[in-house]
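As a plain string of letters, each chain reads:
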Amino acid sequence: MPKDMRTWIRQLEDAGELIRVRKPVHPQAEMGALMYQTRDKALLFEELKGYPGWRSLGQAPANPRQAAIAFDTTLEKVVPTFAGKLHLRQTCEMVRSGPVKDVILTGDQVDIQKLPAHQAGIRDAGPFITAGLCVTKDPDTGIRNMSFHRMQVKSKTRTGMLLVPRHTFQNYRKYEARNEPMPIAIFIGHHPLYYMAAATTGPYEMDELELAGGLLGEPVKLVKCETLDLEVPFDAEIVLEGHVLPHYREEEGPFSEFQDYYIAGTGKNPVIEFQAMTMRKDAIFKNVQNGSEVEGCVYHKIPMAAAIYNRLKNIGGFVDLKNVMTLPGIFGVVVQMTPRYYGEAKNVLMSALSCEYLHPKVAIAVDDDVDIFNNTEVIWAINTRVNPAEDIMVLPGMRIIPMDPTGKEFGATGQPTWHRTGGKLIIDATKPPTCDPEARDLFERIKPIGGGMIMLKDYL
Ligand SMILES: Cc1cc2nc3c(=O)[nH]c(=O)nc-3n(C[C@H](O)[C@H](O)[C@H](O)COP(=O)(O)O)c2cc1C
Ligand SMILES: [Mn+2]
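It should be emphasised that the depicted structure is a prediction, and the values quoted were computed from it without experimental measurement.

Counted according to the given criterion, the structure contains two cavities of 30 Å³ or more. Put simply, the largest cavity is a space of about 570 Å³. Taken together, the elements giving at least two residues each to the lining of the largest cavity come down to β8 (144-148), α5 (167-177) and α8 (295-312). Among the elements that make up the lining of the largest cavity, the one with the highest residue count is β8 (four residues). For the lining of the largest cavity, the class distribution of residues is 13 nonpolar, 13 polar and four charged. Two domains share the lining of the largest cavity, each providing at least three of its residues, namely domain 1 (5-286) and domain 2 (313-441). What the second largest cavity holds in volume is close to 50 Å³. Around the second largest cavity, the lining residues are Pro 2, Lys 3, Tyr 194, Leu 216, Glu 218, Pro 219, Val 220, Lys 221, Phe 234 and Asp 235.

Written out as structure tokens, the structure reads:
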């Protein structure tokens, strides 16, 4: 059976990683607080106040450790594992129908306000659809794109949409140049590897649904939309079919974002008008809580670290690279490596700051005796292995992600020219390289005599 949101719920539950919330929860008044709180376990809300019959899954994955479960691996191996699969593609398979077509609503029957979309933060403009994966096509080539976008619920048939200038925006620009609305299909609720694929920034030509197939190890099965020349997974929970209106913008936001701020992106943004909705007869909704170190962040952290891992492997021909992890707020990345030469770590960090993703602005390198999943260890390495005069570099005037409030803003949200500039920071917290064993030896960490063998429990 192909992996979908239901197999994922079962997998989490079997692993003791899911809590069923049986008391009724209000999606706008209560759910955000519960999801923001749980940093360890996933939540399945079984009864929703004001939305009879609906259930919703949240914080699933709640953290990178749970993301590793989706890849059938461990926290330490999840980034190298994903990196090793980034080149995999499986051609999607068309099927005639599927559970997502159990219920088909068109015209006046469409009412997205009946969906239990949650309100994430106090200052949010209202409920947002937070787990919608947006499928569009390049009108010239027909190549598909799939990406994550926040969608502010505005009426029965309308949402806003934040489009940071990337591939979906590129497709939208092409439709705008033709003065045509852009067809868009949004599926809500699926296996996390679909979300990981959607949050992977690769070449414009990459069909993220083919990458999803590569990650899943099985082709994604697609069905035709009811009202659009687009295809969506046959086993999603819910599908919305609509158009992004050309040359039209409306106030959108604020929204609780991944940096743990409301700032950035709020302003005149595109809108989607929906004309059809299909779903399973017992569809489970999916809400994603955003903020630092919650689910929204996890979908960013893992693909970004995987893309950076692949990029860094071959800097200077070869890097003895061990691991990569994204830091809280996702503007930072920590690279674990064994430096072989002086200056090597700095070259590697330069590349991490200039990769597929605009987010990284702080790049830190550490040796493999530092646990990169423990930020206390990373700070220890910075404090004890860095000579600030030598090992820190500030790079001014770089292009940074427009969602970074520290930067100088140009243009405005909703426009293809929207961007920011700001500084980037390199911190080489590695030990001296292996080519200088004497210097390196000064940084040998203490190990207690008998460490790992003499256990306290044996003395109690
Ligand atoms: C939880 C989550 C929410 C996101 N929300 C948005 C958004 O509202 N607008 C946006 O432009 N990108 C958003 N992104 C980032 C894009 O989906 C991501 O960069 C993706 O790789 C872009 O794909 P594309 O380059 O094919 O357009 C979000 C990512 C995640 C993980
Ligand atoms: Mn893309």
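A separate point is a nonpolar patch on the surface. On the surface, Met 453, Ile 454, Leu 456, Tyr 459 and Leu 460 cluster together to form a nonpolar patch covering roughly 710 Å² of accessible area. Secondary-structure assignment places Leu 456 in the segment after α12 (437-441). Overall, the relative accessible area of 64% leaves Leu 456 in the exposed class.

Turning our eyes to something else, we now look at unusual backbone geometry. Geometrically, the link from Ala 60 to Pro 61 is a cis peptide bond, its omega value of 15 degrees lying close to zero. Here Pro 61 is to be found in the loop between β3 (55-58) and α3 (64-70). Pro 254 follows Gly 253 through a cis peptide bond whose omega is 0 degrees. In this fold, Pro 254 is placed in the loop between β15 (250-252) and β16 (267-269).

Judged by nonpolar contacts, the single largest core of 136 residues is most densely connected at Met 196 and Leu 240. In terms of residue count, α8 provides more of this core than any other element does, 11 residues in total. When residues of this core are sorted by domain, at least three fall in each of domain 1 (5-286) and domain 2 (313-441). Residue contacts for Met 196: discarding those within four places in its chain leaves Ala 67, Phe 71, Phe 82, Leu 215, Val 298, Tyr 299, Ile 302 and Pro 303.

Within the protein, the manganese ion (ligand 2) binds to Asn 145 (OD1), His 167 (ND1) and Glu 208 (OE); these donor distances fall in the range 2.1 to 2.2 Å. The exposure class of Asn 145 is buried, given its relative accessible area of 3%. Taking relative accessible area as the criterion, Glu 208 reaches 2% and is therefore assigned buried.

Attention now goes to the layout of surface pockets. Estimates place the volume of the largest pocket at around 320 Å³. Along its surface, the largest pocket is lined by 19 residues, and Ala 120, Gly 121, Ile 122, Ser 256 and Tyr 262 are the ones closest to its centre. Looking at the lining of the largest pocket residue by residue, the class counts come to eight nonpolar, eight polar and three charged.

Further remarks concern the site of ligand 1. Contacts to ligand 1 come from 19 residues, most closely from Asn 145, Arg 150, Leu 162, Val 164 and Arg 166. Between ligand 1 and the protein, one listed contact pairs an oxygen atom with a backbone N or O atom of Arg 150 at 2.8 Å. Ala 198 places a main-chain nitrogen or oxygen 3.4 Å from an oxygen atom of ligand 1. Contact with the protein chains covers 97% of the free accessible surface of ligand 1, which is 640 Å². The cavity where ligand 1 resides is the largest cavity. Every element with two or more residues in the shell around ligand 1 is listed here: β8, α5 and α8. Of the residues assigned to the shell around ligand 1, the class counts are seven nonpolar, nine polar and three charged.

Reading the values: rules and limits
Residues numbered from 1 in each chain as written. Chains lettered and ligands numbered in written order. Predicted model: local features only at pLDDT ≥ 70, side-chain atom pairs only at ≥ 80, totals over all residues. Heavy atoms only, no water. 1 Å grid on protein atoms, 1.4 Å probe; cavity = no way out; pocket = protein on both sides within 12 Å on 5 of 7 lines; lining within 4 Å. Points joined across faces, edges and corners; volume = space filled by probe spheres on them. Helix = DSSP H or I, 4+ residues; strand = E, 2+ residues; numbered from the N terminus. Nonpolar A, V, L, I, M, F, W, Y, C, P; charged D, E, K, R; others polar. Domains from an automatic or database assignment. Patch = residues over 30% accessible without salt bridge, like charges linked within 9 Å, V, L, I, M, F, W, Y side chains within 5 Å. Areas by Shrake-Rupley, 256 points an atom, 1.4 Å probe, with all protein chains shown as cover. Salt bridge = Lys/Arg side-chain N within 4 Å of Asp/Glu carboxyl O. Buried < 20%, exposed > 50% of the residue type's maximum accessible area, 1.4 Å probe, protein only. Core = buried A, V, L, I, M, F, W, Y, C linked by side-chain atoms within 4.5 Å. Contact = heavy atoms within 4.5 Å. Donors = N, O, S within 2.8 Å, 3.2 Å for Na, K, Ca; no water. Near = heavy atom within 4 Å. Polar contact = N/O pair within 3.5 Å; in protein donor to acceptor, adjacent residues only side chain to side chain. Sits in = over half its atoms within 2 Å of the grid points.

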